[in-house]
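# Summary of structural features
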Amino acid sequence: MKTFRGILLLCLLCLPLFFAACAQKTREATLLYTTDVHGRIVSGDKAIGMDTIAAVHAATPGSLLVDAGDYLQGNPIVNLSQGKTAIEVMKMAGYFAAAVGNHEFDFGRETLLLRSAEAKAGPNPLHLLSANVLTPEGAPVVEPAAVATVNGLKIGLFGLTTPETAVQTHPRHVDGLTFADPVDTAKAMTAMLRGRGCDLVVALVHLGTLDVTGLKSTDLADRVPGLDIIVDGHSHAVVEYVSPVTGVLVVSSGAHAQNLGKLEIKPPRAAGEKPQTRNTLLQKTDLAGVTPDAKIGQKLAAVLAEQEAILSERIADSPVDLDAERTRIRSRETNFGSLCADALLYVSGADMAVVNGGGIRRSIAKGPVTMGDVVAALPFSDATITKKVTGAQLKEILEFGFRDTPVENGGFPQISGLRVTVAPENPAGRKVVSLTRTDGTPVDMNRTYELAVSDFLAQGGDGYPVLARLPVLKLFPSPDQALLQYLRDKGAEAFTPLDKPRIVLRGLKVSLWSVPERLYARAA
């Protein structure tokens, strides 16, 4: 009898511990996240597919699905609807929140506001978040923050957009807007969400960790101790970083929906502590046994069928692979960069043309070139612009474009009508050591020439200062339409000039065909 009483007493003493453990367990949550999807919503060679992502979310109890920006633009299936299809499918998949990335502005501010309203409408809203993009009156352009409750765990989320957006989208799309300091904004948003009783504060940020000129997400983690988790986009990199200063965790899942991040979270055990987390990246092979969401599959099939007749038109046959691989087209001449510059030269009749490498987003394989290939490779709808420049101004423009060589830079100039020798070892401003016309005639520093560029560059995009100051001379079709016209008119002849080098990188010790080893792995 005494033994029974002892056991009963022990059980009663253990009950509080048991219930506490159960409460802790029920308050756990899983953050499923994507970054830099760029319209890869259909299952592909490596892309998981939004139908599978939706199925994983539905099968993961206590999960919250989020994105760190750049989802409205980048692939024909979303470009042709100016991002509307992306929003529709993300809502069907159950996304709760998504940061506004720089490419969310590519169809214009009014279109972004329309997409934001569509996302928020209905019983299961998708919150497009950015706390640091402000109107002239100082109000956020879109929602700054949202709160979700998962398994009793109150999670506050806010968004941040890279200030680089000011030069990475067309200037008219951000005219009058200001980009508040991300650190100050993050501190204010964190305090606000803590004041609302949030157990966790998660920042969905589009700042990046590689090849960015300003604040990185890792810097943000080091400087905002009140944060718990940062989900980062913009650099197309796979990242897992714990700040040695604050303990804040930064994660990113790469790009193009090739990975689905799965961050399992246990709440802090005591005030002032960080949550316990376990981060996993799920690839397409990991999800082979998952049955995709049927409704989303049907939706995607219907959209693709509707677009097929337009996008399948055969425009030309390329005798070579057209190279737009990110690390190359942003750091050296590529044949696709040259082809696109030739197209601008052709439609404009200018003396020379410059195309920013970052504006060409996808390679095209040897063989048939379809309209879909061209639209996917050149997704931006800017016009082609010509401006009058002196030889001295042209050299200044090119010096700015080559300022980071051999380090990759979205503004790297792909050229037509010119030959240039660049000394990568020289300091910025002294990289261009030889500048001639195609026929070898030196560019006269005092003569005036007609230069063709995209409207993006013409307005100072990628930070080109000289171009922004010069008046517009003439307007022509957008770069994608220019390339379509050039290929239709010239056929096989369009590919002939690509064999002759235009940019010589003098004395470069390491081939730019090789990708330097990095601390982070970049998505393909």
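The model shown is predicted, which means the values in this text are computed figures rather than measured ones.

This paragraph deals with the overall build of the chain. A count of helical and extended segments in the chain gives 16 helices and 25 strands. Over its C-alpha atoms the chain spans a radius of gyration of 26 Å, differing by no more than 12% from the 24 Å that the globule rule assigns to 524 residues. In terms of overall dimensions, the chain has C-alpha extents of about 105 × 45 × 45 Å along its principal axes. Among the 524 residues that make up the chain, the fraction classed as buried is 56%.

This part is about the environment of Met-92. Tracing the backbone shows Met-92 in helix 4 (residues 84–93). Considering only alpha carbons, one finds Met-92 and Leu-126, 34 residues apart in sequence, at a separation of 9.8 Å. Other than its neighbours up to four places away in sequence, Met-92 contacts Lys-295, Ile-296 and Lys-299.

In this model, the largest pocket occupies a volume close to 780 Å³. Together, 49 residues line the largest pocket, and Gln-168, Arg-330, Gly-358, Gly-410 and Asp-462 are the ones closest to its centre. Elements represented by at least two residues in the lining of the largest pocket include exactly helix 6 (165–168), helix 11 (335–348), strand 16 (352–356) and helix 16 (479–490). Taken together, the residues of the lining of the largest pocket break down into 13 nonpolar, 22 polar and 14 charged.

Moving on to the nonpolar core. Counting 39 residues, the largest nonpolar core has Ile-41, Met-50, Tyr-71, Tyr-95, Leu-126, Leu-128 and Leu-260 as its most contacted members. Going through the elements one at a time, helix 2 (50–59), helix 3 (76–79), helix 4, strand 3 (95–99), helix 5 (109–120) and helix 9 (294–311) are the ones with two or more residues in this core. In terms of residue count, helix 4 provides more of this core than any other element does, 5 residues in total. Among residues more than four places away in sequence, those in contact with Leu-126 are Ile-87, Met-90, Lys-91, Tyr-95, Phe-96, Ala-97, Ala-98, Ala-119 and Lys-120. Membership of the second largest hydrophobic core comes to 34 residues, among which are Ala-350, Val-355, Met-371 and Val-374.

This part is about the confidence of the model for the chain. The pLDDT averaged across the chain works out to 90; a share of 92% of its residues lies at or above 70. With pLDDT under 50 throughout, residues 7–24 is counted as low confidence; its partners more than four residues away or in other chains account for 2 contacts. When the criterion is pLDDT under 50, residues 509–524 qualifies, and its contacts beyond four places in sequence or with other chains add up to 35 contacts.

This part is about the environment of Glu-333. Residue placement: Glu-333 occurs in the loop between helix 10 (326–329) and helix 11. In this structure the C-alpha to C-alpha distance between Glu-333 and Thr-162, which are 171 residues apart in sequence, comes to 27 Å.

To continue, consider the pairing of strand 16. Of all 5 residues that make up strand 16, 5 are buried, and the element is covered over most of its length. Here strand 16 shows a buried face lined by Met-352, Val-354 and Asn-356 and a second buried face lined by Ala-353 and Val-355. Judged from the 2 bridges that link them, strand 16 and strand 22 (residues 448–454) form a sheet pairing that is parallel. In the strand pairing of strand 22, Met-352 is matched with Leu-451. Here strand 16 pairs with strand 19 (residues 413–416) via 4 bridges, running antiparallel.

Time to look at the sheet that holds strand 21 (residues 432–437). Taken in spatial order, the 3 strands of this open sheet run 21-20-24, and their pairing is mixed. One side of each edge strand has no neighbouring strand; the edge strands of this open sheet are strand 21 and strand 24 (503–505). The sheet shows a mean angle of 10° between the axes of neighbouring strands, taken without regard to direction. Contacting strand 20 (418–422) and strand 21, helix 13 (residues 391–401) crosses the sheet at an angle of about 125° to strand 21.

So, how was this worked out
- Position labels on residues start from 1 in each chain and follow its written sequence.
- Per-residue local features of the predicted model are confined to residues with pLDDT of at least 70, and side-chain atom pairs are confined, for both listing and counting, to 80 or more; whole-chain, interface and lining totals are unaffected and use all residues.
- For side-chain calculations, the full set of non-hydrogen atoms in the structure is used, while hydrogens and water are omitted.
- In DSSP terms, a helix is any run of H or I states spanning at least four residues, a strand is any run of E spanning at least two, and both are numbered starting from the N terminus.
- C-alpha atoms define the radius of gyration in this analysis, and the globule rule sets the expected value at 2.2 Å times the number of residues to the power 0.38.
- The buried label applies to any residue whose accessible area, calculated with a 1.4 Å probe on protein chains only, is under 20% of its type's maximum; exposed applies above 50%, and partly exposed to all values in between.
- Contacts are assigned to residue pairs with any non-hydrogen atoms lying within 4.5 Å of each other.
- Lining residues are those with an atom within 4 Å of a point, where the points come from a 1 Å grid over the protein atoms alone and group into cavities, where a 1.4 Å probe fits but cannot get out, or pockets, open sets with protein on both sides within 12 Å along at least five of seven lines.
- Grid points are joined across faces, edges and corners, and a volume is the space filled by probe spheres set on the points.
- When residues are sorted by character, Ala, Val, Leu, Ile, Met, Phe, Trp, Tyr, Cys and Pro go into the nonpolar class, Asp, Glu, Lys and Arg into the charged class, and all the rest, Gly among them, into the polar class.
- Grouping buried Ala, Val, Leu, Ile, Met, Phe, Trp, Tyr and Cys residues that are joined through side-chain atoms within 4.5 Å yields what is termed a nonpolar core.
- Scored from 0 to 100, pLDDT records how confident the predictor is in each individual residue.
- Each pair of strands is called paired provided DSSP finds at least two bridges between the two strands.
- Every axis corresponds to a line fitted to the C-alpha atoms, with the helix fit spanning only the stretch in contact, and the corresponding angles, defined between N-to-C directions, vary from 0 to 180 degrees.

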